[in-house]
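# Notes for the structure review
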Amino acid sequence: MIKKTGTYLGLLLGVMVLGNVSAALAEVSISATTIQGSSSLQFGRQDVLDGRQKEVRIRLTSSEGSQYQVFQRMIDPLTSPQGGMQNRDVLQFYSVSGSNSSGALYAQMPEYLGRSEQLIYTSPENGSSDRFVLAYIVDRDRITKSGQYYGRIMFSVRPVSGGGNEQNIYLDVILDAELDFNLEIRGERGRDQIELSNERGSEPAYRVDLSYDGNVGELKVYQELLRVPTNNSNGKEIPLQSLTFDSQCNVSSELPYSNKAAMERRRMLIYSANTADDQCVLRYGVDPSFFSSLEAGEYLGQLRYAVSGPQGEKEYLFDLAVYIKPEFEIELGFPEGPMRFKNLFAGGPPQTFSVVVKVNSNIGRPYSVTQELTTPLANERGQRLDPQYFLVSTELLEESTGRVLAPEFEPVKERGEVLFTSDKTGSPAKFRVFYQVRPYAEMAPGDYYTEVRYSLGEM
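Computed from a predicted model, the values in this text were never measured in an experiment. (Residues numbered from 1 in each chain as written. Predicted model: local features only at pLDDT ≥ 70, side-chain atom pairs only at ≥ 80, totals over all residues. Heavy atoms only, no water.)

Tallying secondary structure elements over the protein chain gives one helix and 37 strands in all. Overall, the protein chain is about 130 × 50 × 30 Å in size when its C-alpha atoms are taken along their principal axes. The buried share among the 459 residues of the protein chain stands at 45%. Partitioning the contacts of the protein chain with sequence separation of at least 6, the portion at a separation of at least 24 is 72%. Per element, the accessible surface of the protein chain, about 22100 Å² overall, is 46% carbon and sulfur. Here the protein chain holds 46 positive side-chain charges and 59 negative ones, and the gap between their average locations is 2 Å. (Helix = DSSP H or I, 4+ residues; strand = E, 2+ residues; numbered from the N terminus. Buried < 20%, exposed > 50% of the residue type's maximum accessible area, 1.4 Å probe, protein only. Contact = heavy atoms within 4.5 Å. Areas by Shrake-Rupley, 256 points an atom, 1.4 Å probe, with all protein chains shown as cover. Lys, Arg positive; Asp, Glu negative; His and termini not counted. Charge placed at Lys NZ, Arg CZ, Asp CG, Glu CD.)

If you want it as structure tokens, here you go:
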């Protein structure tokens, strides 16, 4: 018959009895109603999204002592006006343990309801009356297309001996899979832009929030650099290995880039899941190990997200701006502590101290490092050391480029001298300065000290 349910119009074929579905014969009768008393199994949109189960009570009334069995199958697969589902097996069911009073109740673990008959109950040998409960749930991950779906379950009861007639009843299934897919990708300041910088002290991360709900089927998110960030002043591209990103989500845990990775030009799959909803944070930053090597300037590029799923593919464009602030500074380290030559005396051994000099520069221009003694090297009584016995030498460290001007020990010039000159592009550098005192016959004994001033300047 033709039936109207709520606002839905569809062909709901079945034997409909107000309040329940039933059939009877001389030996046994069967009826099926939902726990709510409805004659149809209805799943609303929220039921699908939240994975809520619906229960159906099966009642069996027997008038003779013949053992019987109950079967079920999906006689009419779930279909919408636009067609059927790609996955026919969408409904799962299981029998609620302890809901029967006698006999054997099967399928106590969830399994899919299909087109083939499935044995769900066998009565005791005396064929006594009984009742039990079946629970149904929609596997949302198997829904490949939104829509209003209708189908029918057939319950069959028949004697085990084969005698007598089989009796069938039908239960309509109504499934609201209009899930209204919504997805949003937004930068942390509410703009479609990612802004990165080389601030020191911490690794600043810019976040992009990705969230969605109402999804059906597999959802994939790709990331692709349409334009590599390029320096506005000279057209140089930023090294991609200096830009990092990673992701973290509330639901999905198997993410391709949950650990920090370098960005790439190619189209990269950064998210894949079958969940109905999720919230993710994509974090972007500049690798601190590149801070000193990145040339100062404003780099502008463009990033594209492509979201692919049952609803088709949609893209989101984000501007990618990297601000590399100018750095031109010198850092000093003292491996042996403050430079103080203790207990010097004529005929004593030489004493050596060192200073590690590190230059952070990204301005792209050559520079030099000079030193100057603020006071002559002297002991606590003010007696000066002969300058020719106070020596200095330098060596490059960690494959730095540039040139040291005192590769061998030579006397320190009190009025100042250049210790290091950079390469033509003013690359960052690291070098060590050694200071040595060699005692001599005419020197006054004591502890000697001085202060050295280092200066960094453009050439």
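Once you've had a look at it, read on.
All right, on to the nonpolar core then. I185, I194, L196, I270, Y271, Y284 and Y305 are the most contacted members of the largest nonpolar core, which totals 40 residues. In terms of nonpolar packing, the next biggest core, distinct from the first, is built from 36 residues, L41, Y68, L78 and V216 among them. (Core = buried A, V, L, I, M, F, W, Y, C linked by side-chain atoms within 4.5 Å.)

Let's shift gears to the pairing of strand β15 (residues 167-176). Most of β15 is tucked away, with nine of its 10 residues classed as buried. Judged from the four bridges that link them, strand β5 (residues 40-43) and β15 form a sheet pairing that is parallel. Opposite Q42, over in β15, you have I174 as the bridge partner. Taken together, the 10 bridges between strand β14 (residues 148-159) and β15 define a ladder with antiparallel strand orientation. (Pairing = 2+ DSSP bridges.)

Glancing now at the packing of aromatic side chains. This model, assessed by the stated rule, comprises 15 aromatic pairs. Judged by centre distance (5.1 Å) and plane angle (90 degrees), the ring pair of F341 and F353 falls under edge-to-face. You can see F341 sitting in strand β27 (residues 340-344) and its partner F353 sitting in strand β28 (residues 351-361), a full 12 residues away along the chain. Note on accessibility: F341 and F353 belong to one class, buried. Every member of this aromatic cluster is reached through a ring pair, and the members are F328, Y367, F420 and F431. When the ring centre of Y112 is taken as origin, the NZ or CZ atom of R142, which lies over that ring, is 3.8 Å away. If you follow R152 out to its NZ or CZ, it ends over the ring of Y170, 4.5 Å from the centre. (Phe/Tyr/Trp six-rings, centres within 6.5 Å; stacked < 30°, edge-to-face > 60°. Lys NZ or Arg CZ within 6 Å of the ring centre and 35° of its normal.)

A few words now on the state of the cysteines. Overall, the coordinates contain one disulfide when judged by the stated rule. The residue that forms a disulfide with C249 is C280, at a sulfur-sulfur distance of 2.1 Å. Torsion about the S-S bond of the C249 and C280 cystine: about 110 degrees, corresponding to right-handed handedness. Placement of the pair is C249 in strand β20 (residues 243-249) and C280 in strand β23 (residues 278-286), with a sequence separation of 31 residues. (Disulfide = S-S within 2.5 Å.)

Time to look at the sheet that holds strand β30 (residues 378-379). Judged by pairing direction, the sheet is antiparallel, and its three strands sit side by side in the order β27-β36-β30 without closing on themselves. Each end of this open sheet is capped by a strand with a single partner; those strands are β27 and β30. Note that β30 and strand β36 (residues 446-449) share two bridges and pair antiparallel. Along β36, the bridge assignment pairs N379 with Y448.

Let us look at the pairing of strand β12 (residues 118-122). Where burial is concerned, most of β12 is hidden: four out of the five residues are buried. As judged from the four bridges shared by strand β7 (residues 68-80) and β12, these two strands associate in the antiparallel manner. Its bridge partner lying in β12, V70 is registered against Y121. Two strands pair when backbone bridges link them, and strand β10 (residues 104-105) and β12 are joined in this way by two bridges, in the antiparallel orientation.

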